[in-house]
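Okay, here's what each chain looks like letter by letter:
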4 protein chains.
Amino acid sequence: MATDVSPVSLTAVDRPGHPVPSPALDELYRGFEKELLVPLWTEIGDLMPLHPRPAALPHVWRWQHLLRLAERAGDLVPVGRGGERRAIALANPGLGGAPYATPTLWAAIQYLNPREDAPVHRHTQNAFRFVVEGEGVWTVVDDDPVAMRRGDFLLTPGWAFHGHHNQSDEPMAWLDGLDIPLAHTLGYGFFEHGPEQVADRSAPVRSRAERLWAHPGLRPVSQAAALPSSPIAAYRWEHTDAALADQLALDAEGHPGVVEPGHAAVRFSNPTSGGDVLPTMRAEMHRVRAGTTTATRREVGSSVWQAFDGTGTAVVGEQEFVLARGDLFVVPSWVPLRISTDDGLDLFRFSDAPVFERLHADRVQVGP
Amino acid sequence: MATDVSPVSLTAVDRPGHPVPSPALDELYRGFEKELLVPLWTEIGDLMPLHPRPAALPHVWRWQHLLRLAERAGDLVPVGRGGERRAIALANPGLGGAPYATPTLWAAIQYLNPREDAPVHRHTQNAFRFVVEGEGVWTVVDDDPVAMRRGDFLLTPGWAFHGHHNQSDEPMAWLDGLDIPLAHTLGYGFFEHGPEQVADRSAPVRSRAERLWAHPGLRPVSQAAALPSSPIAAYRWEHTDAALADQLALDAEGHPGVVEPGHAAVRFSNPTSGGDVLPTMRAEMHRVRAGTTTATRREVGSSVWQAFDGTGTAVVGEQEFVLARGDLFVVPSWVPLRISTDDGLDLFRFSDAPVFERLHADRVQVGP
Amino acid sequence: MATDVSPVSLTAVDRPGHPVPSPALDELYRGFEKELLVPLWTEIGDLMPLHPRPAALPHVWRWQHLLRLAERAGDLVPVGRGGERRAIALANPGLGGAPYATPTLWAAIQYLNPREDAPVHRHTQNAFRFVVEGEGVWTVVDDDPVAMRRGDFLLTPGWAFHGHHNQSDEPMAWLDGLDIPLAHTLGYGFFEHGPEQVADRSAPVRSRAERLWAHPGLRPVSQAAALPSSPIAAYRWEHTDAALADQLALDAEGHPGVVEPGHAAVRFSNPTSGGDVLPTMRAEMHRVRAGTTTATRREVGSSVWQAFDGTGTAVVGEQEFVLARGDLFVVPSWVPLRISTDDGLDLFRFSDAPVFERLHADRVQVGP
Amino acid sequence: MATDVSPVSLTAVDRPGHPVPSPALDELYRGFEKELLVPLWTEIGDLMPLHPRPAALPHVWRWQHLLRLAERAGDLVPVGRGGERRAIALANPGLGGAPYATPTLWAAIQYLNPREDAPVHRHTQNAFRFVVEGEGVWTVVDDDPVAMRRGDFLLTPGWAFHGHHNQSDEPMAWLDGLDIPLAHTLGYGFFEHGPEQVADRSAPVRSRAERLWAHPGLRPVSQAAALPSSPIAAYRWEHTDAALADQLALDAEGHPGVVEPGHAAVRFSNPTSGGDVLPTMRAEMHRVRAGTTTATRREVGSSVWQAFDGTGTAVVGEQEFVLARGDLFVVPSWVPLRISTDDGLDLFRFSDAPVFERLHADRVQVGP
């Protein structure tokens, strides 16, 4: 068969490096299909582009819409063993309807009615909560009740048992972030049920984890090991707010510390390693001063941002999102992002950056 | 609207934790769709199973079939800029036709005709080659020509320029392993063209990298940094074979060293860190002594195995594969694997284990 | 010559493994001396004992005595370029008059008169200050003025420029801790003069370093690298006190966290790594509840302790020290320590533990 | 008392920063002595010099002298429990007669008569052997007999049981290197006796450790942990020689790899970490091509060098040592070293560099 194809004609004139269509080629391709094979040369443009071309798309979800639907789910959908949580996830329009904000990140609004409980379970997927408004729920992580209040960032590391209970007469909603898509795609998810209800229904202002760990630069001598996830169950807004205010004040005095002029940012970190709070997720709080436009920045890896306070605009690739409190938007891998604000803007952000850094696949480009 | 649903009836009797179907619920679900939202409670069984339930399936590909198709491609398909490589990839039957052996791993047969070249390029995807038979090709990695011979394991770390040239009058085929699926899903792939041909067409027995680095326990003093990928361009079969033989001899003498009785295994490692050869991939050579059946083992993460010498059987989940030289099979995440051989069997294996270890998501279970 | 010594008589009956004294042996030993050689067999008992037998001795220094002498030095001794600091060091009675608290650690009282300055310099020796009483001095570290107040722990990492200025009308004294003996013995000390006076004579309540770094679990996003020394210039007493109080409260409630019942302890740590504040020194604050006696503990490596508040007793080896505010005592390597208090006792401690941990030479024994 | 000293006269005109001599000052100094205190201002010049000024001095010991004395000790001194080893240590002329080659390093000639044994013991001090000539002894490390031959570098990590036995009819001498001075000064030495004789008196060509570990870039899969010391019991001369020859050949071909033109060097390394073979000691082999003079280099930390083959000259500070086989010389901290050879020179080197790197106190200066 080889003799009927001239080497000279192997490559089509307008597609160098590719074969000339022919019945023999068709037969070869059918052979590939039969044997569950796919050639590189037909796929390389999509498989190995010159730079990341993610399937995920930039998109914004409006908090008021989420909240209204979550309230309605509060009426119609119970919370209990089986469904486990009244959580409603962002489904990126580029990802075929899967409940994935990005290929790695899950972002959902979770909603509890007054006096309602969510049953105890655990999973290897890492999780956190961020509270854009409201209070009254305690998330109980490995038997330690952790109050949830506006601006707080709360951790549920992989394989920690956890349930929630709403101690108040008001419903409460918050943002859940998990690495569910990554765990699902890669196949590392385990799940286990715990008791129907949390055992410790007390409602302390501070969790035990905070009492042990949330002192700046101080570690309990009894706990000397490096932990894969941060032991600080709750990062309180008062500290985050103060750190951001300090950075902007230093900036105004002419000292370093901010990311760029007018743009302060703190990273929630693991005090036992200095690294990210969770092995798969990074979380940060950003404050952009009134009248500031940030540099344009693109990164390998994807992020979800939530407007926490103030107003402003995010330009993500070719899209522009005007932001109000609670609005969530997604920045896919290598899509440029620029934020600007007239009146000042606080933003929560989480990303999969630790995955890329650990795999030596991270890359950042700052500039126009 | 909330008033028309009694709290008592919220949960269907046979699906605790799930809502009762109703027109109101349908409307809620339509609201979710419209806002690009997906509820957790309808998806949790698939999204967060009790243990990994990978989409990828166990499967075997026969080397003789691959080789025959690759030879035919050698007749019909050129190698040149654009298509880049005459590589034909395993497409896992559970992954919808994508050229993915597993959700993270690419495995392909690559084929070069006599005196043929593959053009120079580089990409952030990490790559290696493993030679099940043949010789005569040099892969030129960052201008260092590396001979390819049966049993050799050869590295092309991410972002290293590389091309190949066949110096002989025989065609040559080998196994390519890359992290293309992981890079594609997560979005970390960059690609860049180099020259059409490799600059250094010499054909040394040993590469410069080996001359500097492939001495046991010895590092050049001039190169003190830890590198993310191994600087050993080629792990030669003579060393691998000797290490496996030594392990089995120690086992026979009653000393430790083997994985289990009759089962020797070496891991290709990075001499600057002791870790895996590549940030995203692990590679090992296994030797199972005649008359041995291994323990059943399941791991988080997926593997591709290739029979290198001898014969035997692999039981992967509920499938049984009788193996001949060059046959490739896939073990998806958490699917149990057991190998047995009457006459002795050497196997090459690569996996995504470093990804899970770096993300603290690794888990192993050995037993019946 | 060998013929005149019978092999049978080589070993003295009562000193097995040792040679029989003889003129030939004397001549051999003279040969050793002449060639600058020393045999192992005559020295091994001292050189390689069954467990550490440090030359340093347990000892206590009384703060009131130190302070009185420091005040007198304030009258008689200037502070300026050349002498550099009015610091008076503990000289362990076992170390031959050298100004070494232990073989690795320097501990000194430093004293500044009202409105007095100490000139700027830097050295590779790592340093910290701990304030047992008083205030009014700012130590200016790399141009960042850091207030010193009772209970504060302040860092001057190796090679940071630093000077002090007393802004008040009162003298001030504090404890200096450095790794001077280690640097001197091992030969790693470099020293460089800076300006005669600190450039920034402002007197802020918080240093810039604290404003950037002393927020619990929060890092500035602009500062992502791991640093060998902590960037927190000052660990304030209010945080240390709260952390100790929290630990004892958790203990009283039946929760873990303390070192042992009634004994709370926090370690000053590097938020960029979770490790010790300085590469060569560990620092901790201990609080022993009224009526508590700690377990007896021995560690490889040496410590200096300073009573900060309350009263109590330290049993160090065979010595017993009754402690009052500011008293300093030394625990040499592998000497057992036990602390007890009727009324409650707060203690500052620093040690060379990081040296041993980094060299894999650490060992701890807790028990009677 | 303060009133009788005028502030103006505090500083002597010719010693700024130092006090004026006076009876009151004398009394103060007597007070310091009584309280076991030493002022910084009188000691700072020695304690904190501008750069390291080690007490240890450059010195050379002639192997022929060592060997002659060791042979004589072979006649007069037994080897047995108590004295433990017939080892004779270099005593640096600057270190007051202590058996310390440098403040951290012990270097000794050890000598065993034909058919003689050295009893089993272990200690936390780390040890190695280097063989400049001879063979016939097996050192048995944790029951694994390790042959000793010319050019071999052999490890006895801290706390490994070890004894030796001479299987031949010839005496054998070699170089022992340990961190005894460091362990003694810092107080981390533990020592324990084992059996009088080694249990396994076999004499294999390769140790079990080598069979498991001395394959380039290959690790046994069963041994995945990082170890503080290298598991390679013996680094054989054939590998070291080949690695050095390869480096010089690459140099001659115009490729990188050597330390500097004409100067090849390999570091014995831990394959589980890429780091040094022992936590406290670095070991290297250097080959200087005929007609080469190295750059002048100074490092923080001290080294011992032994000429292995060829001839040459070492300039250490202001001393010049002409070297013959086996000669040992010492380079104290920060003393410059330059080596030159007309005919080619191979040198073994060991140092305390890991100590300084782990404590972030390392510094190197290369140049005239």
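Small disclaimer: the values here were computed from a predicted structure and weren't measured.

Visitor: Whenever I open this one, the overall build of chain A confuses me. Can you help?
Guide: When helices and strands are tallied, chain A shows 7 helices and 25 strands. Overall, the C-alpha framework of chain A stretches about 80 × 55 × 45 Å when taken along its three principal axes. By residue count, 64% of the 368 residues in chain A fall in the buried class. Taking the contacts inside chain A whose residues are at least 6 apart along the sequence as the reference set, 74% of them involve residues at least 24 apart. Here chain A contributes 32 positively and 46 negatively charged side chains, and the mean placements of these two sets differ by 2 Å.

Visitor: What is the right way to read helix α1 (residues 23-34) of chain B from this model?
Guide: In a regular helix each residue adds 1.5 Å, so 12 residues correspond to 16 Å; α1(B) covers 16 Å between its end C-alpha atoms and thus fits that length. Inspection of α1(B) places Ala24(B), Leu25(B), Leu28(B), Gly31(B) and Phe32(B) among the buried residues, and these make up the whole buried set. Along α1(B), the residues classed as buried sweep out an arc of 110° about the axis, all on the same side. The outward face of α1(B), more than 90 degrees from its buried face, is lined by the exposed residues Pro23(B), Arg30(B), Glu33(B) and Lys34(B). In the core, the buried residues of α1(B) are packed alongside α3 (63-76) and β3 (87-90) of chain A together with β1 (37-39) of chain B. Downstream of α1(B) by a residue or two, Leu36(B) has a phi angle that is positive, lying close to 60°.

Visitor: Got a minute to help me understand the relation of the copies chain A and chain C in this structure?
Guide: Applying a rotation about an axis and a shift along it to one chain copy brings it onto the other copy. By a simple turn and slide, chain A fits onto chain C: the slide is 0.0 Å along the axis, the RMSD is 0.0 Å, and the turn is 180°. What the rotation and shift describe, once combined, is the action of a two-fold rotation axis. Of the interface residues in chain A, 100% have counterparts in chain C that sit at the interface too, so the contact is made through matching surfaces.

Visitor: It is not clear to me how the interface of chain A and chain C should be interpreted in this structure. Could you clarify?
Guide: Where interface size is quoted, it is often the accessible area lost as the parts come together. Each side of the interface is counted separately: chain A has 40 residues, and chain C has 40 residues. The junction of chain A with chain C conceals about 3,300 Å² of combined surface from both sides, 60% of it contributed by carbon and sulfur atoms. The largest share of the area that chain A buries against chain C comes from Arg211(A), Pro216(A) and Val221(A), three residues that together contribute 20% of it. Where chain A meets chain C, there are 4 salt bridges. In this assembly, chain A and chain C are joined by 18 residue pairs in polar contact (both at pLDDT 80 or more). For the side of chain A that touches chain C, the secondary structure elements donating two or more residues are α5 (208-213), β13 (218-220), α6 (237-252) and β15 (263-268) of chain A. No other element matches α6(A), which puts 8 residues into the side of chain A that touches chain C. Bridging between β13(A) and strand β15 (residues 263-268) of chain C involves 3 bridges; their strand directions are antiparallel. Within the sheet, the bridge partner assigned to Leu218(A) lies in β15(C) and is Phe268(C).

Visitor: What am I meant to see in the arrangement of the chains here?
Guide: In this view chain B stays clear of chain C, with the nearest C-alpha atoms of the two still 16 Å from each other. Of all C-alpha pairs spanning chain A and chain D, none lies closer than 16 Å, and the two are not in contact.

Visitor: How do you make sense of the relation of the copies chain C and chain D when you look at a structure like this?
Guide: It takes a turn of 180° to lay chain C on chain D, together with a shift of 0.0 Å along the axis; the resulting RMSD is 0.0 Å. The residues that chain C uses at the interface reappear at the interface of chain D in 100% of cases, marking a shared surface.

Visitor: Looking at this model, I keep getting lost on the environment of His263(C). Mind explaining?
Guide: All names here are of chain C. Here His 263 lies in strand β15. Overall, the relative accessible area of 8% leaves His 263 in the buried class. For the pair His 263 and Arg 287, spaced 24 residues apart in sequence, the C-alpha to C-alpha distance is 5.8 Å. Polar contacts involving the side chain of His 263 include one to the side chain of Glu 260, which spans 2.8 Å.

Visitor: Which parts of the structure should I look at to understand the interface of chain C and chain D?
Guide: With 89 residues of chain C in contact, the opposing surface of chain D contributes 89 residues. For the interface between chain C and chain D, the tally reads 0 salt bridges. Joining chain C to chain D, the criterion identifies 19 residue pairs in polar contact (both at pLDDT 80 or more). Counting only elements with at least two residues in the side of chain C that touches chain D, the list comes to α1 (23-34), β1 (37-39), α2 (44-47), β2 (59-61), α3 (63-76), β3 (87-90), α4 (180-186) and α7 (353-358) of chain C. No other element matches the 7 residues that α3(C) contributes to the side of chain C that touches chain D. Within the side of chain C that touches chain D, the residues separate by chemical class into 55 nonpolar, 23 polar and 11 charged. Where β3(C) and strand β1 (residues 37-39) of chain D come together, 3 bridges link them in antiparallel fashion. Pairing of Ala89(C) across the sheet is with Val38(D), part of β1(D).

Visitor: How should I be thinking about the pairing of strand β23 (residues 337-341) of chain D in this particular structure?
Guide: Here is the key point about a regular strand: its side chains alternate between the two faces of the sheet. All names here are of chain D. Every second residue of β23 is oriented toward a common face, the buried set being Leu 337, Ile 339 and Thr 341 and the non-buried set Arg 338 and Ser 340. Sheet topology note: the strand β17 (residues 292-293)/β23 ladder contains 2 bridges and is antiparallel. Each bridged residue has a counterpart across the sheet, and for Thr 292 the counterpart in β23 is Thr 341.

Visitor: Help me understand the sheet that holds strand β6 (residues 127-130) of chain D in this model?
Guide: Each strand in a sheet pairs with its neighbour through backbone hydrogen bonds, running either in the same direction (parallel) or in the opposite one (antiparallel). Taken in spatial order, the 7 strands line up as β1(C)-β3(D)-β4(D)-β11(D)-β6(D)-β9(D)-β14(D) in an open sheet, and their pairing is antiparallel. Every interior strand has two partners, whereas the edge strands, β1 of chain C together with β14 (234-235) of chain D, have only one. Relative to strand β9 (residues 153-156) of chain D, β6(D) runs antiparallel, the two sharing 4 bridges. Note that in β9(D) the partner of Ala127(D) across the bridge is Thr156(D). Relative to strand β4 (residues 106-112) of chain D, helix α3 (residues 63-76) of chain D is tilted by about 50°, and along the sheet it contacts β1 of chain C together with β3 (87-90), β4 and β11 (172-178) of chain D.

Visitor: Can you walk me through the pattern of salt bridges in this structure?
Guide: Opposite charge on two side chains permits pairing when their charged atoms draw close. Residue and element names in this part refer to chain D. Tallying each qualifying case throughout the model produces 104 salt bridges over all chains. Ionic pairing is found between Arg 72 and Asp 75, a salt bridge with its closest N-O pair at 3.4 Å. With a gap of 3 residues between them, Arg 72 and Asp 75 both fall in helix α3, about one helical turn apart. Overall, the relative accessible area of 28% leaves Asp 75 in the partly exposed class. Across the pair Glu 133 and Arg 325 runs a salt bridge whose closest N-O atoms are separated by 3.9 Å.

Visitor: Can you walk me through the sheet that holds strand β24 (residues 345-351) of chain A in this structure?
Guide: With antiparallel pairing, the 7 strands of this open sheet are ordered in space as β2(A)-β22(A)-β19(A)-β24(A)-β16(A)-β15(A)-β13(C). If you trace the sheet from one side to the other, it starts and ends with β2 (59-61) of chain A together with β13 (218-220) of chain C, each paired once. Between one strand axis and the next, the sheet turns by 25° as a mean value, whatever way the strands run. Looking at chain direction, β2(A) and strand β22 (residues 328-331) of chain A are connected through 3 bridges and run antiparallel. Note that in β22(A) the partner of Val60(A) across the bridge is Phe329(A). Together, β15, β16 (282-288), β19 (303-310) and β24 of chain A together with β13 of chain C form the strand contacts of α6(A), whose direction differs from that of β15(A) by roughly 140°.

Visitor: Got a minute to help me understand the packing of aromatic side chains in this structure?
Guide: To describe a pair of aromatic rings, one takes the distance between the centres and the angle between the planes. Within the structure shown, the criterion is met by 72 aromatic pairs over all chains. Here Tyr188(A) and Phe356(B) contribute two aromatic rings whose centre-to-centre distance is 6.1 Å and whose plane-to-plane angle is 75°, an arrangement assigned as edge-to-face. Of this pair, Tyr188(A) sits in the loop between α4 (180-186) and β12 (191-193) while Phe356(B) is found in helix α7 (residues 353-358), placing the two residues in two different chains. Judged by its relative accessible area of 2%, Tyr188(A) is buried. A cation sits over an aromatic face here: Arg363(A) above Trp159(B), 4.7 Å from the ring centre.

Visitor: I keep staring at α3(C) and nothing clicks. Help me out?
Guide: Side chains of residues three or four places apart in an α-helix project in the same direction, reflecting 3.6 residues per turn. In this model α3(C) runs 20 Å from its N-terminal to its C-terminal C-alpha over 14 residues, within 8% of the 20 Å that 1.5 Å per residue would give. When α3(C) is considered as a whole, its buried residues turn out to be Trp63(C), Leu66(C), Leu67(C), Leu69(C), Ala70(C), Arg72(C), Ala73(C), Gly74(C) and Leu76(C).

Visitor: Looking at this structure, I do not really get unusual backbone geometry. What am I missing?
Guide: A negative phi holds for most residues other than glycine; trans holds for most peptide bonds. Even without being glycine, Glu84(A) reaches a positive phi, approximately 75°. Tracing the sequence through the fold places Glu84(A) in the loop between α3 and β3. By relative accessible area, Glu84(A) is classed as buried at 0%. Positive phi outside glycine occurs at His360(D), with the angle close to 55°.

Scoring rules and cut-offs
Residues numbered from 1 in each chain as written. Chains lettered and ligands numbered in written order. Predicted model: local features only at pLDDT ≥ 70, side-chain atom pairs only at ≥ 80, totals over all residues. Heavy atoms only, no water. Helix = DSSP H or I, 4+ residues; strand = E, 2+ residues; numbered from the N terminus. Buried < 20%, exposed > 50% of the residue type's maximum accessible area, 1.4 Å probe, protein only. Contact = heavy atoms within 4.5 Å. Lys, Arg positive; Asp, Glu negative; His and termini not counted. Charge placed at Lys NZ, Arg CZ, Asp CG, Glu CD. Expected span 1.5 Å × (residues − 1). Arc of directions from axis to C-beta. Least-squares fit on C-alpha atoms with pLDDT ≥ 70 in both. Buried area = accessible area lost by both parts, 1.4 Å probe. Salt bridge = Lys/Arg side-chain N within 4 Å of Asp/Glu carboxyl O. Polar contact = N/O pair within 3.5 Å; in protein donor to acceptor, adjacent residues only side chain to side chain. Pairing = 2+ DSSP bridges. Nonpolar A, V, L, I, M, F, W, Y, C, P; charged D, E, K, R; others polar. Axes fitted to C-alpha atoms, helices over the stretch in contact; angles between N-to-C directions. Phe/Tyr/Trp six-rings, centres within 6.5 Å; stacked < 30°, edge-to-face > 60°. Lys NZ or Arg CZ within 6 Å of the ring centre and 35° of its normal.

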